[in-house]
Amino acid sequence: MVSNRITEMEQLPNGEIWFATQDGISTYDGTGWLSFPDSLGILPIIGKVCLEALSDSSVYVLGFNGDKLSFSVYTDDRWSPLNLPPEIASLPLHSRYVMGHHLSGHGNRLIIGTQNKLYFYSDNQWNLDLLGQKDPESFKINSIKTLGDTVLIASSQGLHLYFNGSLTTLVEHEEVLDLDYNEEDDTFYLLGKDWLGVLSSGSEEITFLFQNELIGYPDVGAVSNLMHHRGKLYYSSNSPLYQYDLHSHEKRAVITEYFDLDYVCMNAMVDHEGSLWVATLRGAFKVNNQDTWNFNSHFLLENEVSAILEDQNGDLYFGSNLGLNIVRSTGDIEKYPFPRKFIHARVMDMVSFEGNIYMAGNTAGVVRFKDGQYDFDLINENSRVLDLQVHQGRLYASCQNTIYRKDGNLWSPITTPQKDDYGIIRKMAFDDQRQLLLTQMGVSDLVSGEFIQSEILNDNNIYTGIQYDGQFLLGTANGVRVLEGNQIVHSPIYDHFDSPVYSFLADREGRLWVGTGKGIYLVSPNEAYHLSKTNGLAGNEVNRNALVLSRNGKILVGTDEGISIYDPRAIPELPVPKIEYLGATVNGTPTSSQSFDHSENNIRFQYRSVSFYDEEHINYRLKLDGLEDQWQHIPFYNQHTILYSNLKPGTYQFMVQARIGNGGWSPTATSPVLTVKSAFYDNSWFRVGVLILVILLTLFLARLRSRTLKSRNELLQARVQEKTRELKNQNSRLMKTIKELKSAQGQLIQSEKLASMGHLTAGIAHELNNPLNYIRGGAECIMKNLEELKHLQLQLHAKESEPALLAEYQMLMDDSNQLAQSILNGASKSTDIVKSLSSFTADSQNFYSFTDLQKEVDTSLTLLNNQIGFRITINKMFGNIPPIECYPAKINQLLVNLLMNAVQAIEHEGEITIRYYRKDDKRIGLEISDDGVGIPQDLQEQVFEPFFTTKDTNPGLGLAIVKSIVQEHHGSIKLDSKPGKGTKVRIFLPVNQTAHPELEL
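Cut-offs used in this document
- Residues numbered from 1 in each chain as written.
- Predicted model: local features only at pLDDT ≥ 70, side-chain atom pairs only at ≥ 80, totals over all residues.
- Heavy atoms only, no water.
- UniProt positions renumbered as here; feature names shortened; annotations may be inferred.
- Helix = DSSP H or I, 4+ residues; strand = E, 2+ residues; numbered from the N terminus.
- Salt bridge = Lys/Arg side-chain N within 4 Å of Asp/Glu carboxyl O.
- Buried < 20%, exposed > 50% of the residue type's maximum accessible area, 1.4 Å probe, protein only.
- Axes fitted to C-alpha atoms, helices over the stretch in contact; angles between N-to-C directions.
- Left-handed = near helix turned anticlockwise from the far one by under 90°.
- Contact = heavy atoms within 4.5 Å.
- Nonpolar A, V, L, I, M, F, W, Y, C, P; charged D, E, K, R; others polar.
- Parallel < 35°, antiparallel > 145°, perpendicular 65-115°, else oblique.
- Expected span 1.5 Å × (residues − 1).
- Pairing = 2+ DSSP bridges.

## Some thoughts on the UniProt feature "transmembrane region" (unreviewed entry) in the protein
Per the UniProt record, "transmembrane region" (unreviewed entry) is annotated on residues 684-702. Taken end to end, residues 684-702 comprises 100% helix and 0% strand; its first and last C-alpha atoms sit 26 Å apart.

In structure tokens form, the structure reads like this:
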């Protein structure tokens, strides 16, 4: 808004509200402001601006611009100046002039009144009427209201009716400032400087609602307003706006949190949703609920009202943190603050007892109030009094966790709940059937002695209770709960709210009102209503002893921001907001077209809801007919566009509705029917033409391709024959190379075998030398024994039966047997060595056979026995494994190469461990480890490469052959070595081979 100094306001048919300010025109639609800072140079003097909207939404502004009167119209999104009749244009500054205001909706013509003249503007023409030659010195028009073709005039001489060029005086009275008319009962309402009256149909006398009560400060240029709405009159005259209830005849000032009695109402109106708007020189404010009166610190000691009591005289007592406020039945307000000596004093509850007002004063104890004086009774210096109850003619007080009863001038403790951790007693609920203490931790039943708790913690945090509809209801931190027997239970009837419940009230119609931290709720099977700060309540947090039904049927609601007096007879429904389709953009460009090319298929629709009741709770539902079958809910009040991308060819219509909260949906606003056209290539004629062209082109290409393929085929045949010859030659050379490589591989393997044999020769020679010595020595002894036997034989023939000779003969025979056995043993050992050597050197069979792995290990150890000697300990860790399918000679060579590497890695003494085991159902594991010098980390990846060696005398094929043998047996091999600690070679071999090359020949 360009300025807060508002002089006039008007609502347009589309719902927008226009404000005329000291610095120009501003508009508000509930979502944002639009301002016209200059408004074509019209800068009206305060109180001298008129604003009127017609049924076509054109807006007319009349006001002084400098020293002359200016008249302009806003239509089609632009301002245009209009000519005034010379008599109006030449009016001096501070002259009185008014514009006609239509009483029902918006009219279609414009009327300006000044002194005794009416000017009618229509179709750019002005017509003048002098109102029956009224004297301009004594007759002055104060207000003009129109109803169809009838013009009602409030003047300095009374109320007049102008129709079809004729003026009729309905009543004569001095200075009628403003008027309103109620068609339902054909009644006129009239306003004067110090009176408010009614003129009934057919009556010639004004019935005064009040008179001789000056409304505001009298002033020649005073701004006056009068308006009838729902049984109430709203009026002002150089004053705040006042409300007069035609039913109760109560009158009050219309004030809000920020607008007290210090404002002057420049204009007032009721918008399309029933909310009251008041324009002032400090801004504008809105009142959604005109059936609620609010009082705050402008009238009371402070904003908060913590407890309420009405005495038998109709006087209202409002307790607070600072003391007591009394609103007398006459309307006078008295304030009684607490002495400053009490810290954290607060009126928690109030009751009338024995002609006195007693208050639960928190740290101030029990406070008796009589004849404007306080009497403080602390009961206990360390206690806080939170609640009072009069039961069976006795006064009770809850003091934190103890109940006291007043006996004469003394307070006697009568009971403490039978539970240590029940918390503070918030409320006593005593009646003829029960005596309940409602606490922070549950319900204490003083009659049964039970302490009742729920399994849900917040259900036990209880603030208040009420006997209602045959049930005892509890107000808890979780909402409303029901006390059934000795249980606290949930009831779905009371699921209207999810905030803590602080107070209950049953009104005269038996309806239940619930005070919460979010306002008050009406809980009824047939009605659901929520009154909060949004729609008229002074504040949202309702105090637990501050929800009271007054003698006149009004509900008194004490909150943290003031007290509200609400008339429950008027329960308005949530208004239905206006919804408006604003237009669309296509591919980001605004458009008014209704037909679009196929590429113009990204359409953003724009809409708005013009509502002022509760702007932040506006929500929408929308759909695009032709694309969507279901409504799409938009919960965001500030979302006013939606984009539909990549729309297919077709017809569409955008539809949108709005509502406030969970209220009723508005009528549907729709866009024109929009068409997204198909691309030319999607048309059937285009597709048929393209199909024919494709067929012809295909035939032509097929014929051309046939010729080309034929010539290319001949050329390819020649090239294929040439390439075939080349491939045969290359294949022949390749086969020869492979044969040579296989021969070289065999020679390399045989060379490695010979190299290994070189290492084994010394050991084999030593091993063979021992049995050969046995054989030679035994043979010599046998020959010597044979000579001696021959000699003994001759002697035995000469000396028969000589015992000594027979014994010597027998000894020679035994010695010969032993020598023969030695010869046999030596021969056997030589045979074993030769067999082991042949097993290592021979090619053996060229097919798989099942072999005992232990036998191959023993054979390899036999060949290496001399290198192993006594310096190396052989550890055998043999598991239970089956014979494996392999090439035995190659497995023997694998073992010899690995063991020889292990022996050579041990420089002095050491250990070699041979371990085999069953890895799983299909594989066996073989591990050979030593504690030798190990292999450096940077060389470990190269050990299986051919010709890699760290010894000058080694050709470097040992481990390469080992890896080749493992791969040939479809196994895997891994080497782990740490320098200085040793090396472990781990091999996994299949028990059965899946491929048998020898069978494929």
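## Here we look at the pattern of salt bridges
The final tally for this structure, using the stated rule, is 31 salt bridges. Measuring nitrogen to oxygen at the nearest pair gives 2.8 Å for the salt bridge that ties Arg328 to Glu334. Judged by relative accessible area, Glu334 falls into the partly exposed class, the value being 25%. Arg608 is paired through a salt bridge with Glu580; the nearest N and O atoms lie 2.9 Å apart. With a gap of 28 residues between them, Arg608 in strand 60 (residues 603-610) and Glu580 in strand 57 (residues 578-586) connect regions that are remote in the sequence. Taking the relative accessible area as the measure of exposure, Arg608 reaches 10% and is therefore buried. On the basis of relative accessible area, Glu580 is assigned to the partly exposed category, the value being 25%. A network of salt bridges, in which partner residues are shared, links Arg915, Glu927, Asp976, Lys984 and Arg986.

## A look at the packing of helix 6 (residues 888-905) against helix 7 (residues 958-968)
For any two helices packed against each other, the geometry is given by the interaxial angle and the distance between the axes. Relative orientation of the contacting elements helix 6 and helix 7 amounts to 145°, with a least axis distance of 9 Å. Like other packed secondary-structure pairs, helix 6 and helix 7 cross with a definite hand, here left-handed. The residues of helix 7 that touch helix 6, namely those facing Lys890, Gln893, Leu894, Asn897, Leu898 and Asn901, are Gly958, Leu959, Ile961, Val962, Ile965, Val966 and Glu968. Here the contact of helix 6 with helix 7 is composed, by residue class, of 7 nonpolar, 4 polar and 2 charged.

## Structural notes on the packing of helix 4 (residues 853-863) against helix 6
In contact at an axis separation of 9 Å, helix 4 and helix 6 are set at 50° when each is read in the N-to-C sense. Put simply, helix 4 runs oblique to helix 6. Helix 6 is crossed by helix 4, and the crossing has right-handed handedness. Mapping the contact onto sequence places Leu853, Glu856, Val857, Thr859, Ser860, Leu861 and Leu863 in helix 4 and Pro888, Ile891, Asn892, Leu895, Val896 and Leu899 in helix 6.

## Comments concerning helix 6
With 18 residues, helix 6 extends 26 Å between its outermost C-alpha atoms, agreeing within 8% with the 26 Å of an ideal straight helix rising 1.5 Å per residue. Where burial is concerned, most of helix 6 is hidden: 15 out of the 18 residues are buried.

## Describing the environment of Phe71
Among the structural elements, Phe71 can be located in strand 7 (residues 68-75). Along the chain, Phe71 and Leu82 lie 11 residues apart, while their C-alpha atoms are 5.5 Å from each other. With sequence-adjacent residues up to four places away left out, Phe71 is seen in contact with Tyr60, Val61, Leu62, Pro81, Leu82, Asn83, Leu84, Met99, Leu110 and Trp126.

## Thoughts on the sheet that holds strand 26 (residues 267-270)
Here we have 3 strands laid out as an open sheet, ordered 26-27-28, and antiparallel in their pairing. The sheet terminates laterally at strand 26 and strand 28 (283-287), the two strands that pair on one side only. Each neighbouring strand pair of the sheet contributes to a mean axis angle of 15°, computed without reference to strand direction.

## Quick word on unusual backbone geometry
Backbone geometry at Gln392 places phi at a positive 50°, although glycine is not the residue there. Non-glycine residue Asn587 carries a positive phi angle of around 50°. Here Asn587 falls in the partly exposed class, since its relative accessible area comes to 40%.

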